[in-house]
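# Fold and contact review
The residues making up each chain are set out below.
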Amino acid sequence: MRRALPFTARTLALALTSLVALGACSTPGGPYPSLGPRPGEAIDPRIAVVRPINDRPVTAGLESRLAGLVAAAQRGQSEFAPLASQAERLAASAGKPQSDGWVAAEQALSAAVAAREATARALGDVDAIEAEALATNGGIAPNDLAAITRAQADIGSLDQRQSGRIKALQKRLGS
């Protein structure tokens, strides 16, 4: 059986325990950090950033590679256009499937599809440049990204027009 301490001894034990606890919480003096506002807190987050952090011009090597790929896609378009026009003429008078006219139109269509390779390759190469820059550098500078996006848009529009013509021919020929 446990015996209760007298009121004065209990009070003394509580007082000593409190002093020990308070003493453990205190630390020796020293320079304390300021509680004043820090410099970063003075920036208003609603203010727009005036310019990108990395505002350098497009890398010269990247710009020339992209220009070469756009030019290659345009050369591919100049090869594709007459072949697609010929396939469209032949498809208009192709006749029923497996006829001589239909076979000639299918062969012209195959030639037009093959001529799309330059445009498709250029688009893939631009995508590869972007992926390589992301993998190598962990990011792309804003002006480099804008140049890549422009090249993708230019080549992509050529690719979509070519694809649309091919699909229309395939639908017309039933292939």
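Attention here is on the structure that accompanies the text. All values derive from a computational prediction rather than experimental measurement.

Once that is clear, we can look at helix α3 (residues 100-115). Taking 1.5 Å of rise per residue, 16 residues should cover 22 Å, and α3 covers 23 Å from first to last C-alpha, within 8% of that figure. Of the positions making up α3, those classed as buried are Trp-102, Ala-105, Glu-106, Ala-108, Leu-109, Ala-112 and Ala-115. Where α3 is buried, its residues meet α2 (60-92), α4 (117-137) and α5 (142-173).

Taken together, the side chains of Leu-12, Leu-16 and Leu-19 present a nonpolar region at the surface, about 320 Å² in accessible area. Relative to the assigned elements, Leu-12 resides in helix α1 (residues 7-25). Given a relative accessible area of 53%, Leu-12 falls into the exposed group.

So, about the environment of Pro-97. Tracing the chain through its elements places Pro-97 in the loop between α2 and α3. Among the residues examined, Pro-97 registers a relative accessible area of 55% and is labelled exposed. Taking the C-alpha atoms as reference points, Pro-97 and Leu-173, 76 residues apart in sequence, are found 7.5 Å from one another.

Calculation rules
- Residues numbered from 1 in each chain as written.
- Predicted model: local features only at pLDDT ≥ 70, side-chain atom pairs only at ≥ 80, totals over all residues.
- Heavy atoms only, no water.
- Helix = DSSP H or I, 4+ residues; strand = E, 2+ residues; numbered from the N terminus.
- Expected span 1.5 Å × (residues − 1).
- Buried < 20%, exposed > 50% of the residue type's maximum accessible area, 1.4 Å probe, protein only.
- Contact = heavy atoms within 4.5 Å.
- Patch = residues over 30% accessible without salt bridge, like charges linked within 9 Å, V, L, I, M, F, W, Y side chains within 5 Å.
- Areas by Shrake-Rupley, 256 points an atom, 1.4 Å probe, with all protein chains shown as cover.
- Salt bridge = Lys/Arg side-chain N within 4 Å of Asp/Glu carboxyl O.

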